[in-house]
Amino acid sequence: VGRNTAPAIAFAALNSNPNDNLLILPADHSINNISKFHKVIKEATSLLSKELLVTFGVIPTEPHIGYGYIQKGKSIDSGFNVASFTEKPDLDQANVFLESGEYLWNSGMFLFKASKYLEELRQFEPKIFDSCLMAYEKRTNDNNFIRPDRESFLSSPSNSIDYAIMEKTENSVVMPLDVDWSDLGSWES
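Definitions and cut-offs
- Residues numbered from 1 in each chain as written.
- Predicted model: local features only at pLDDT ≥ 70, side-chain atom pairs only at ≥ 80, totals over all residues.
- Heavy atoms only, no water.
- Helix = DSSP H or I, 4+ residues; strand = E, 2+ residues; numbered from the N terminus.
- Rg over C-alpha atoms; globule rule 2.2 N^0.38 Å.
- Contact = heavy atoms within 4.5 Å.
- Lys, Arg positive; Asp, Glu negative; His and termini not counted.
- Charge placed at Lys NZ, Arg CZ, Asp CG, Glu CD.
- Buried < 20%, exposed > 50% of the residue type's maximum accessible area, 1.4 Å probe, protein only.
- Salt bridge = Lys/Arg side-chain N within 4 Å of Asp/Glu carboxyl O.

Peer 1: Which parts of the structure should I look at to understand the overall build of the protein?
Peer 2: Of the regular secondary structure elements, the protein holds seven helices and ten strands. The C-alpha atoms of the protein give 17 Å as radius of gyration, which agrees with the globular expectation for 189 residues (16 Å, within 12%). For the C-alpha atoms alone, the extent of the protein along its principal axes is close to 50 × 35 × 30 Å. By sequence separation, contacts in the protein at least 24 residues apart represent 80% of the contacts at least 6 residues apart. Side chains of the protein give 17 positive and 26 negative charges; the mean places of these two sets differ by 8 Å.

Peer 1: Hey, could you run me through the environment of E87 in this one?
Peer 2: Of note, E87 is situated in the loop between strand 5 (79-86) and helix 3 (91-100). A relative accessible area of 45% places E87 in the partly exposed class. Along the backbone, E87 and V174 are 87 residues apart, and their C-alpha atoms lie at a distance of 16 Å. Sequence-distant contacts of E87, defined by excluding residues within four places in its chain, comprise G68 and Y163.

Peer 1: Please explain the pattern of salt bridges as it appears in this structure.
Peer 2: Side chains carrying opposite charge are able to pair once their charged atoms draw close together. The final tally for this structure, using the stated rule, is seven salt bridges. Between K168 and E125 there is a salt bridge whose closest N-O contact spans 2.8 Å. Placement of the pair is K168 in the loop between helix 7 (161-166) and strand 9 (172-177) and E125 in the loop between helix 4 (114-124) and helix 5 (126-137), with a sequence separation of 43 residues. Here D142 ties to R147 by a salt bridge, and the two come within 2.7 Å at their closest N and O atoms. If you follow the salt bridges from partner to partner, you end up with K116, E119 and E120 in one network.

Below, the structure written as structure tokens:
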């Protein structure tokens, strides 16, 4: 049952220890500079003690209209507070973003403590939180699989982490990422 990233991550967070760090990575991305990626993740981990939700913004190399953009705000450690999100701009706006140097591509990768994610989800999307909590409480275990209760999970609204939390919270930080990245979102890429 597909319910988008916010409920899926909620179920993973509920199945974790509250202080566990969760690194959320889409399966269809290519990262060619793994050692640099690991370095940025380590730097981002230091922000979690400040109760922040980290997203990773790829340094743009062209005015791409197929990606969302994140505007960098005030500097915080090796990252930036998130000033705004813009969903897939037109070419003129993408050129303005690129030339300003203030924007990063939204990679869809995140890092946060399980407890912080659940706290933010409960605040901004209580219906998703409640449905996922019930699905977790009624879960079944089958060998190495943990299966959410189907009816409870079906009752959850479908929403992405971006819309459910990241665009609403004031506790988000973006880490610039320059790791030879591609989202493999088209035959060309």
